[in-house]
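Structural features, examined
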Amino acid sequence: MNIQTYWIIFSTAFRRQLTYRAATLAGLFTNFFFGILRAYLMIALYSEQLVVDGFSLDAAITFTGLSQAFIGFLSIFHWWEVAQSINSGDVSSELLKPINYFRYWMFVDLGRATASLLTRGFPILIAYYFLI
């Protein structure tokens with residue numbers, strides 16, 4: 001298969017992820033809320049000590065911001081579609097198609113992950129930069 005086929009798969013997955021605007025906003029606000037909650041938990045923890053297990057307060061808050069920003073991008077809660085295709089038996093017909101099964105799902109996930117990074121990850125990183 002040529003790269004144009006995989007580009008179409010990528011762009012379709014990207015657009016599909018952007019279709020769910022309410023879910024994207026809900027995920028953004030949820031990640032931001034729990035990130036702020038975790039950051040203030042770290043601030044409370046570090047009020048007693050300056051360094052905890054080798055990490056300063058700034059490092060702990062940076063870790064909190066990065067983990068919340070990239071949770072959607074890193075596909076922590078995804079791959080349901082692959083499991084569903086295996087469970088339903090659709091994987092057998094997908095393996096017969098003239099496209100590499102693993103590359104197909106890789107480009108589907110890259111499209112989803114890129115959309116998630118642009119709509120959820122970067123706004124959280126920017127908010128962390130200015131707020132905390």
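In what follows, the accompanying structure is described. Everything numeric here is computed off the predicted structure, so don't read it as measured data. The numbering scheme is per chain: residues are counted from 1 as the chain's sequence reads. Local features are withheld for residues below a pLDDT of 70 in this predicted model, meaning they are given only at 70 or higher, and side-chain atom pairs are given and counted only at 80 or more; totals for whole chains, interfaces and linings count all residues. Side-chain figures throughout are based on the complete set of non-hydrogen atoms in the structure, without hydrogens or water.

Some details on the overall build of the chain
The condition is simple: Labels follow the DSSP assignment, with helices taken as runs of H or I lasting at least four residues and strands as runs of E lasting at least two, numbered in each case from the N terminus. A radius of gyration in this sense is built from C-alpha atoms; the matching globule rule multiplies 2.2 Å by the number of residues raised to 0.38. For every residue, the accessible area (1.4 Å probe, protein chains only) is compared with the maximum for its type, and the residue is labelled buried under 20%, exposed over 50%, or partly exposed between those bounds. When checking whether two residues touch, look at their non-hydrogen atoms; a contact exists if any pair is within 4.5 Å.
From N to C terminus, the chain includes 6 helices and 2 strands. Overall, the chain shows an N-to-C arrangement of helices and strands of α-α-β-β-α-α-α-α. A globule of 132 residues ought to have a C-alpha radius of gyration of about 14 Å, yet the chain, at 19 Å, is considerably larger. For the chain, with 132 residues in total, the buried portion stands at 31%. Pairs at least 24 residues apart make up 75% of the contacts formed inside the chain by residues separated by at least 6 positions.

A look at the nonpolar core
Here is the rule we go by: By nonpolar core we mean a set of buried residues, namely Ala, Val, Leu, Ile, Met, Phe, Trp, Tyr and Cys, connected to one another through side-chain atoms within 4.5 Å.
In this structure, Y6, I9, F10, A13, V82, V91, I99, Y101, W105, F107 and V108 together form the largest nonpolar core, which totals 11 residues. Those residues in contact with F107, other than ones at most four positions away along the chain, are Y6, I9, F10 and A13. Counting residues in each nonpolar core, the second largest holds 6 residues, with L28, A39, I61 and Y128 among its members.

A few points about helix α3 (residues 57-70)
Going by this rule: Take the number of residues in a helix, subtract one, and multiply by 1.5 Å to get its expected span.
With 14 residues, α3 ought to run about 20 Å at 1.5 Å a step, and its terminal C-alpha atoms sit 20 Å apart, in line with that. Against the buried residues of α3 lie α2 (21-46), β2 (55-56) and α6 (101-131).

Details of unusual backbone geometry
Residues other than glycine predominantly adopt negative phi, and peptide bonds predominantly adopt the trans conformation. Here D53, not a glycine, exhibits a phi torsion of approximately 55°, which is positive. Secondary-structure assignment places D53 in the loop between β1 (51-52) and β2. Looking at D53, the relative accessible area reads 73%, which means it is exposed.

Regarding the pattern of salt bridges
Between side chains of opposite charge, a pair can form when the charged atoms approach closely. Threshold: Salt bridges are counted wherever a side-chain nitrogen of Lys or Arg sits within 4 Å of a carboxyl oxygen of Asp or Glu.
Within this structure, the stated rule accounts for 2 salt bridges. Here E81 ties to R16 by a salt bridge, and the two come within 3.0 Å at their closest N and O atoms. Here E81, found in helix α4 (residues 80-88), pairs with R16, found in helix α1 (residues 3-19); they are 65 residues apart in sequence, far enough to count as distant. Here R112 makes a salt bridge to D109, at a shortest N to O gap of 2.9 Å. Here the residue R112 and the residue D109 both occupy positions in helix α6, the gap between them amounting to 3 residues, near one helical turn. Overall, D109 belongs to the buried group, its relative accessible area being 18%.

Here's the deal with the packing of aromatic side chains
To describe a pair of aromatic rings, you give the distance between the ring centres and the angle between the ring planes. Test applied: The criterion for an aromatic pair is that two Phe, Tyr or Trp rings (for Trp, the six-membered ring) have centres within 6.5 Å, with stacked assigned to planes under 30 degrees apart, edge-to-face to planes over 60 apart and tilted to the rest.
If you walk through the whole model with that rule in mind, you get 9 aromatic pairs. Residues F10 and F14 carry aromatic rings whose centres are separated by 6.3 Å and whose planes lie at 20° to one another, so their mutual orientation is stacked. Residue F10 and its partner F14 are both found in helix α1; the two are separated by 4 residues, about one turn of the helix. When its relative accessible area of 17% is taken as the criterion, F10 is described as buried.

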